[in-house]
Amino acid sequence: MSHTTGTRQAQKLRTRQCLLDAALRLLEHQSLSGLGLREVTRAAGVTPTAFYRHFEDTAALGVALVDQTLGSLHGLIGEVLAGTGISEERLERSVTAIAGHVAARPAHFRFIAREQHGGVAEVRAAIAAQLALFVTEVADALAGEAESALWSREDLLMLGGLHVDHMVITASALLDATPGTEEEVVRVARRRLRLITLGRRHWLDDEGRTPPVGGG
């Protein structure tokens, strides 16, 4: 790659990020469905023509914000689940990790919380797809543990869904927390996660046990 080509590529990436940052600032006060293209370009200091070099429309920009916000969490959660320690300890560490991520990028997570059920179908679908991927990743991680040896894939995905729902609820609670109450939110989140973990240990007890193939 020539120096000129590299410089142009770097400038292109900077412009794209400027558009994302400008949109995120504007979305602190409104929903994506009400955000105008010219409003974004004016805030970013670029022309509407420049916008179209990066995004087809504001919905595509919103999808990019979803990927930027949630995409980075896949590696974070993977590292937590791959760590040493019993499952309850590892999953409790995920609460701390989520809390740190929300504290570092509150505007991004407010955008997700608002648009998860917002008026832009493409963005709702992008958020749902990211959350579904989290469910699969958590289910895959838990499937390798002795406690899950007899679990069906359906049940593992259900458990993964409980953990992801818990993650979403915790993030929303942290966003709504008044200053100084964040630690209480984390404490409650850990207790709720412990309840999920205790329930997991007894899921296959007695009538909850998956019957063997062929009846019995």
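Every value quoted in this text rests on a predicted model; they were computed, and no experiment measured them.

Rules used throughout
Residues numbered from 1 in each chain as written. Predicted model: local features only at pLDDT ≥ 70, side-chain atom pairs only at ≥ 80, totals over all residues. Heavy atoms only, no water. pLDDT = per-residue confidence, 0-100. Helix = DSSP H or I, 4+ residues; strand = E, 2+ residues; numbered from the N terminus. Contact = heavy atoms within 4.5 Å. Buried < 20%, exposed > 50% of the residue type's maximum accessible area, 1.4 Å probe, protein only. Arc of directions from axis to C-beta. Expected span 1.5 Å × (residues − 1). Core = buried A, V, L, I, M, F, W, Y, C linked by side-chain atoms within 4.5 Å. Axes fitted to C-alpha atoms, helices over the stretch in contact; angles between N-to-C directions. Parallel < 35°, antiparallel > 145°, perpendicular 65-115°, else oblique. Nonpolar A, V, L, I, M, F, W, Y, C, P; charged D, E, K, R; others polar.

## Some details on the confidence of the model for the protein chain
- Averaged over all residues, the pLDDT of the protein chain equals 88, while 89% of them reach at least 70.
- Across the protein chain, the secondary-structure element scoring lowest on mean pLDDT is helix α5 (residues 87-104), at 82, and the one scoring highest is helix α2 (residues 37-44), at 96.
- Confidence drops under pLDDT 50 across residues 210-216; counting only partners more than four residues distant or on other chains, this segment forms three contacts.

## Notes on α2
- Taken together, the buried positions of α2 are Leu37, Val40, Thr41 and Ala44. Along the axis of α2, the buried positions cluster into a sector of 95°, meaning they face one direction only. Structural note: α2 exposes Arg38 and Arg42 on the side pointing more than 90 degrees away from its buried face.
- Immediately downstream of α2, the backbone of Gly45 shows phi near 75°, a positive value.

## Considerations on helix α9 (residues 182-201)
- Between its first and last C-alpha atoms α9 spans 29 Å; for 20 residues at 1.5 Å apiece the expected length is 28 Å, and the two agree.
- Along α9, the residues that are buried comprise Val185, Val186, Ala189, Leu193, Ile196, Thr197 and Arg200. Burial along α9 is one-sided: seen end-on, the buried residues are contained in an arc of 110°. With respect to the buried face of α9, the exposed residues turned more than 90 degrees away are Glu183, Arg191 and Leu195.

## Things to note about the nonpolar core
- Core analysis: the biggest nonpolar cluster contains 56 residues, and Val40, Leu61, Leu65, Val66, Leu70, Phe111 and Phe134 have the highest contact counts within it.
- The residues contacting Leu61, other than those within four sequence positions of it, are Leu19, Leu20, Ala23, Val40, Phe51 and Phe55.

## Looking at the packing of helix α6 (residues 106-115) against helix α7 (residues 121-143)
- Between α6 and α7, the least distance of the axes is 10 Å, while the angle of their chain directions is 110°. By the angle class used here, α6 and α7 are roughly perpendicular. Across the interface between the two elements, Phe111, Ile112 and Glu115 of α6 pack against Val123, Arg124 and Ile127 of α7.
- Partitioning the contact of α6 with α7 into residue classes produces four nonpolar, no polar and two charged.

## Examining the side chain of Thr15
- For Thr15, the position within the fold is in helix α1 (residues 3-26).
- With residues near it in sequence (within four places) discarded, Thr15 still touches Val46 and His54.

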